[in-house]
Amino acid sequence: RVTRTVCSCKGTIGLLLGLYVFFFAWMGVVLYRDQGSAFFMSLPESMWSLICLLTTVNFPDVMIASVTHSRLNFLYFFLFTGFGIFYLMNRTISTTAQAYTETYNDYQADGRAQEEALLREAFDLLRQGRPALELQELVPVFGQLNRRPDLPPIDDDNCRLLLAAVDSNGTGSCELG
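Residues numbered from 1 in each chain as written. Predicted model: local features only at pLDDT ≥ 70, side-chain atom pairs only at ≥ 80, totals over all residues. Heavy atoms only, no water.

### Concerning the overall build of the chain
Move 1: When its secondary structure is counted, the chain shows 7 helices and 2 strands.
Move 2: Sequence-ordered secondary structure for the chain, helices as α and strands as β, is α-α-α-α-α-β-α-α-β.
Move 3: Against the compact-globule benchmark of 16 Å for 177 residues, the chain has a radius of gyration of 31 Å, which places it well outside the compact range.
Move 4: Referenced to the eigenvectors of the C-alpha coordinate spread, the extents of the chain come out at roughly 90 × 30 × 25 Å.
Move 5: A buried classification covers 25% of the 177 residues belonging to the chain. (Helix = DSSP H or I, 4+ residues; strand = E, 2+ residues; numbered from the N terminus. Rg over C-alpha atoms; globule rule 2.2 N^0.38 Å. Buried < 20%, exposed > 50% of the residue type's maximum accessible area, 1.4 Å probe, protein only.)

Here you go:
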């Protein structure tokens, strides 16, 4: 289910996040390579450092050397973390949560459709080609259900109540509606 959720996420948010990190990593290499910052020596290293910064894994270490060199460098990190954390990361989480919800709802709908199909098949097996099923023929079904340890037992009173609920038209028989 997790793979299905991840695959159904919108690719645009991942692309936007990747381009955002790539652009700021490129700017970081151009701006800070000459300052001797170990985090911005090459593009891949810079991208990794910014991903760490964006996920707040190693937040102060990435920017301390550059900000110590010049306080104006704080603007670069403020723009990157401000937009990245407060917009892009929230957007990523909300997109993933929405995709999970949609996948979960599809899974529930599939389960309900499968349950209905299995109930129709069981009903057809019980009535054996007849137009309706006599309610007394369902009593042994409740007996079989009572043998299942994962289901709560159905006593005689509840059995009668369930049969009365199934017999909505009062004919003593059950048709599949």
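### Describing the packing of helix α3 (residues 43-54) against helix α5 (residues 74-127)
Move 1: Viewed as axis vectors pointing N to C, α3 and α5 meet at an angle of 60°, and their least axial separation amounts to 10 Å. When the interaxial angle is binned, α3 and α5 end up oblique. The element α3 and its partner α5 pack so that their crossing is right-handed. Taking contact as the criterion, the partners of L50, L53 and L54 in α3 are, on α5, Y76, F77, F80, T81, G84, I85 and M89. (Axes fitted to C-alpha atoms, helices over the stretch in contact; angles between N-to-C directions. Parallel < 35°, antiparallel > 145°, perpendicular 65-115°, else oblique. Left-handed = near helix turned anticlockwise from the far one by under 90°. Contact = heavy atoms within 4.5 Å.)

### Focus on the side chain of T81
Move 1: Residue position: T81 is located in helix α5.
Move 2: At a separation of 2.7 Å, a polar atom in the side chain of T81 contacts the main-chain carbonyl oxygen of F77. (Polar contact = N/O pair within 3.5 Å; in protein donor to acceptor, adjacent residues only side chain to side chain.)

### With respect to the nonpolar core
Move 1: F24, F40, L50, L53, Y76, F77 and F80 are the most contacted members of the largest nonpolar core, which totals 18 residues.
Move 2: Residue assignment for this core shows that the elements contributing at least two residues are α2 (11-32), α3, α4 (59-69) and α5.
Move 3: Ranked by residues supplied to this core, first place goes to α2 with 7 residues.
Move 4: When near neighbours in sequence (up to four residues on either side) are disregarded, F24 contacts L50, Y76, L79 and F80.
Move 5: With 9 residues, the next largest nonpolar core counts F123, L135, I154 and C159 among its residues. (Core = buried A, V, L, I, M, F, W, Y, C linked by side-chain atoms within 4.5 Å.)

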